[in-house]
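Read off the chains here:
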Amino acid sequence: EVQLQESGPGLVKPSQSLSLTCSVTGYSITSNYWGWIRKFPGNKMEWMGYISYSGSTSYNPSLKSRISITRDTSKNQFFLQLNSVTTEDTATYYCAREAPADYWGQGVMVTVSS
Amino acid sequence: DVVMTQTPVSLPVSLGGQASISCRSSQSLVHSNGNTYLHWYLQKPGQSPQLLIYRVSNRFSGVPDRFSGSGSGTDFTLKISRVEPEDLGDYYCLQSTHFPRTFGGGTKLELK
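Quantities reported herein were computed from a predicted structural model and do not represent experimental measurements. (Residues numbered from 1 in each chain as written. Chains lettered and ligands numbered in written order. Predicted model: local features only at pLDDT ≥ 70, side-chain atom pairs only at ≥ 80, totals over all residues. Heavy atoms only, no water.)

Here we come to the sheet that holds strand β7 (residues 67-72) of chain A. All names here are of chain A. With respect to topology, four strands assemble into an open sheet ordered β1-β3-β8-β7, the strand pairing being antiparallel. Of all strands in the sheet, those bounded by a partner on one side alone are β1 (3-7) and β7. Each strand axis lies, on average, 20° off the axis of its neighbour in the sheet, ignoring direction. Two elements, β1 and strand β3 (residues 18-25), share five bridges in a ladder whose sense is antiparallel. By the bridge assignment, Q5 is partnered in β3 with S23. (Pairing = 2+ DSSP bridges. Helix = DSSP H or I, 4+ residues; strand = E, 2+ residues; numbered from the N terminus. Axes fitted to C-alpha atoms, helices over the stretch in contact; angles between N-to-C directions.)

Across the boundary between the two partners, chain A contributes 21 residues, which contact 16 residues of chain B. Our enumeration of links across chain A and chain B arrives at two salt bridges. Residues K39 of chain A and D90 of chain B are paired through a salt bridge, measuring 3.9 Å at the closest nitrogen-oxygen approach. Across the chain A-chain B interface, the total number found is seven residue pairs in polar contact (both at pLDDT 80 or more). Contributing elements (two or more residues each) for the side of chain A that touches chain B: β4 (33-39), β5 (45-52), β6 (57-59), β9 (91-98) and β10 (103-104) of chain A. For the side of chain A that touches chain B, the element with the most residues is β5 of chain A, which contributes four residues. (Contact = heavy atoms within 4.5 Å. Salt bridge = Lys/Arg side-chain N within 4 Å of Asp/Glu carboxyl O. Polar contact = N/O pair within 3.5 Å; in protein donor to acceptor, adjacent residues only side chain to side chain.)

Bringing the packing of aromatic side chains into the picture now. Summed over the entire model, instances satisfying the criterion amount to 10 aromatic pairs over all chains. Ring centres 5.6 Å apart and planes at 80° place the aromatic pair Y94 of chain A and W104 of chain A in the edge-to-face group. With a gap of 10 residues between them, Y94 of chain A in strand β9 and W104 of chain A in strand β10 connect regions that are remote in the sequence. Of the two residues examined, Y94 of chain A and W104 of chain A, each falls in the buried class. An angle of 75° between the planes, with centres 6.0 Å apart, marks the rings of Y103 of chain A and F60 of chain B as edge-to-face. (Phe/Tyr/Trp six-rings, centres within 6.5 Å; stacked < 30°, edge-to-face > 60°. Buried < 20%, exposed > 50% of the residue type's maximum accessible area, 1.4 Å probe, protein only.)

Here it is in structure tokens:
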């Protein structure tokens, strides 16, 4: 069974970087696409981007140059880095197997606050 | 970006009853390859979203046939018949025809 699990700090200071890890079991990340999606307080959902089986990436233009998704195939993990965070980046962050997102992690709540 | 408009925002239902959720897109979701990439999710309280329907009308593995999706172009509907307690939660549509993928604003299915 495909399982995903996010991990990372729950609190990040404004202007710093948010870094999350998604650990995948039951399926190789060298197949399919692997994405990050977030849900804001108030329930709006935003697709952030993905990394493909080959390592290519695609990002939501709304995040401009702040986002980076990378991977470690030896550990079957992929990563999210979001730079220069503000309070508007406070959300629950999910990793998921794309496309469409059929298997999701349980989510990690990240608060941006000083 | 393609704007996905979901209605209603809140939908009170009775157990055993039927529910219908609409999702309309600001432009056609028919891809150049002929497929329509419109999907439906349910997020139950305290859980992560789960895929119900992919590409308009295909039920994901394990999804009961009480759930059905339909529509074309810019107008799509999710219907739930014989509503059960485990169906309550937030429903979202998602389009992945156009870049970037965009979600609807959500519909809360709750008990009357």
